[in-house]
Amino acid sequence: MVATNQILSVFIIFALALLVIRIGAIALRMTGLSPDVATFQAASAFSGAGYTTEEAEFTVSEPSRRTIVIWLIRLGSVGVVSALASLLLSFINAEGENILTLIYVIGGVIGIILFAHSQLLNRALTPIIERTLDHTTDLTIQDYTQVLGLQSEYRVAEIEINEDEWLANDTARELNLSDEGVILLGIERNDDYIGAPGPDTEIQPGDTVTLYGKEDRLQELADRDEGDVEAHNEARDEHENILSEQERVIDQ
């Protein structure tokens, strides 16, 4: 009877922990984080792992995200993780027939993890959590991954500019990046950031530019040599074909 109660306690605690992390991840995603980053940061905050990364600094740089992370840390510090660890250790330290009980527990935990990551549960649970958070908080859903098409072939990339690269020593207007279907979002220069640069802003060697466009085009731009006009013309023609195809779809 005691073993059964312990098993149920492990399952309940573990399921609650996964639920809290899921709610935290969805809340962070509603503030604009990508799903992968939101899930990792929610699990990190709840477990108290304390990873120090640029993503973590970016997460806590916004007030609503800080609130979410604080609550995850508080809930994690209540003792859910340590209680789960203590219960598991009680089985490990046990002898005889309780070892079989430990096997049951491990199997059940694996089953819960698989169920928690199932697409069926995601489709059923995620909308409920989103609606609840939307009605009870000031969070606004901003799924930038979907808005920017990042789940398909479009990407946001940072490119470090060297002296001999095509992007160096020209202004945004002279480069005509928009003709290639690429948007200049920002320039990092000497620890300063130039957001939404104007058309007359020159890109200098040593800058790190943030660009938005198709992944293969961004990769080609990063590798393009200085003075390669032919590559620019080919990229422009390719983008014009894409625009023509898009107009055809719109007119249907």
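The structure displayed is predicted, hence computed values, not measured ones.

Quick notes on the rules
Residues numbered from 1 in each chain as written. Predicted model: local features only at pLDDT ≥ 70, side-chain atom pairs only at ≥ 80, totals over all residues. Heavy atoms only, no water. Buried < 20%, exposed > 50% of the residue type's maximum accessible area, 1.4 Å probe, protein only. Helix = DSSP H or I, 4+ residues; strand = E, 2+ residues; numbered from the N terminus. Pairing = 2+ DSSP bridges. Arc of directions from axis to C-beta. Salt bridge = Lys/Arg side-chain N within 4 Å of Asp/Glu carboxyl O. Expected span 1.5 Å × (residues − 1). Contact = heavy atoms within 4.5 Å. Axes fitted to C-alpha atoms, helices over the stretch in contact; angles between N-to-C directions. Phe/Tyr/Trp six-rings, centres within 6.5 Å; stacked < 30°, edge-to-face > 60°. Lys NZ or Arg CZ within 6 Å of the ring centre and 35° of its normal.

(A) The pairing of strand S6 (residues 208–214), seen in detail. With six of seven residues buried, S6 lies mostly within the body of the structure. Of the strand pairs in this sheet, strand S1 (residues 154–160) and S6 are connected by seven bridges, and their pairing is antiparallel. Considered in S6, the bridge of Ala157 is made with Leu211. Note that strand S3 (residues 183–189) and S6 share five bridges and pair antiparallel. Residue pairing in the sheet places Ile183 in a bridge with Tyr212 of S6.

(B) Layout of unusual backbone geometry. Notably, Asp191 is not glycine yet its phi reads approximately 70°, a positive angle. Within the secondary structure, Asp191 is located in the loop between S3 and strand S4 (192–195).

(C) Seen up close, helix H9 (residues 215–223). Buried within H9 we find Arg217, Leu218 and Leu221. One side of H9 carries all its buried residues, which in axial view fall inside an arc of 100°.

(D) How the structure looks around the pattern of salt bridges. Across all of its chains, the model carries 10 salt bridges by this definition. For Lys214, the salt bridge goes to Glu153, with nearest N and O atoms at 3.5 Å. Taken together, the positions of Lys214 in strand S6 and Glu153 in the loop between helix H7 (144–147) and S1 put the pair 61 residues apart, joining distant regions of the chain. Look at Glu153 and you get partly exposed, because its relative accessible area is 37%. Residue Arg173 is joined to Asp200 by a salt bridge in which the shortest nitrogen-to-oxygen separation is 3.1 Å. Placement of Arg173 in helix H8 (residues 172–175) and of Asp200 in the loop between S4 and strand S5 (202–203) is noted, with a sequence separation of 27 residues between them.

(E) A look at helix H10 (residues 229–251). For H10, spanning 23 residues, the distance from its first C-alpha to its last is 33 Å, which sits close to the expected 33 Å at 1.5 Å a residue. Along H10, the residues classified as buried are Ala231, His232, Ala235 and His239. Contact partners of the buried residues in H10: H8 and H9.

(F) How the structure looks around the sheet that holds S6. Reading across from one edge, S1-S6-S3-S4 is the order of the four strands in this open sheet, with antiparallel pairing throughout. Lying at the two open borders of the sheet, with one neighbouring strand each, are S1 and S4. The average undirected angle you get between the axes of adjacent strands in this sheet is 20°. Together, S1 and S6 form the strand contacts of H9, whose direction differs from that of S6 by roughly 145°.

(G) The environment of Ile23, seen in detail. With respect to the element layout, Ile23 can be found in helix H1 (residues 2–29). Looking at Ile23, the relative accessible area reads 34%, which means it is partly exposed. Taking the C-alpha atoms as reference points, Ile23 and Leu125, separated by 102 residues in sequence, lie 9.6 Å from one another.

(H) Expanded view of the packing of aromatic side chains. Applying the stated criterion to the full structure yields one aromatic pair. Both rings, one in Tyr154 and one in Tyr212, keep their centres 5.8 Å apart while their planes meet at 25°; by these two values the pair is stacked. One end of the pair, Tyr154, is in strand S1; the other, Tyr212, is in strand S6, and 58 residues separate them in sequence. Residue Tyr154 is classed as partly exposed on the basis of its relative accessible area, which comes to 21%. Positioned over the ring face of Trp166 is Arg224, at 4.4 Å from the centre of the ring.

All we've got here are geometric facts, nothing functional implied.
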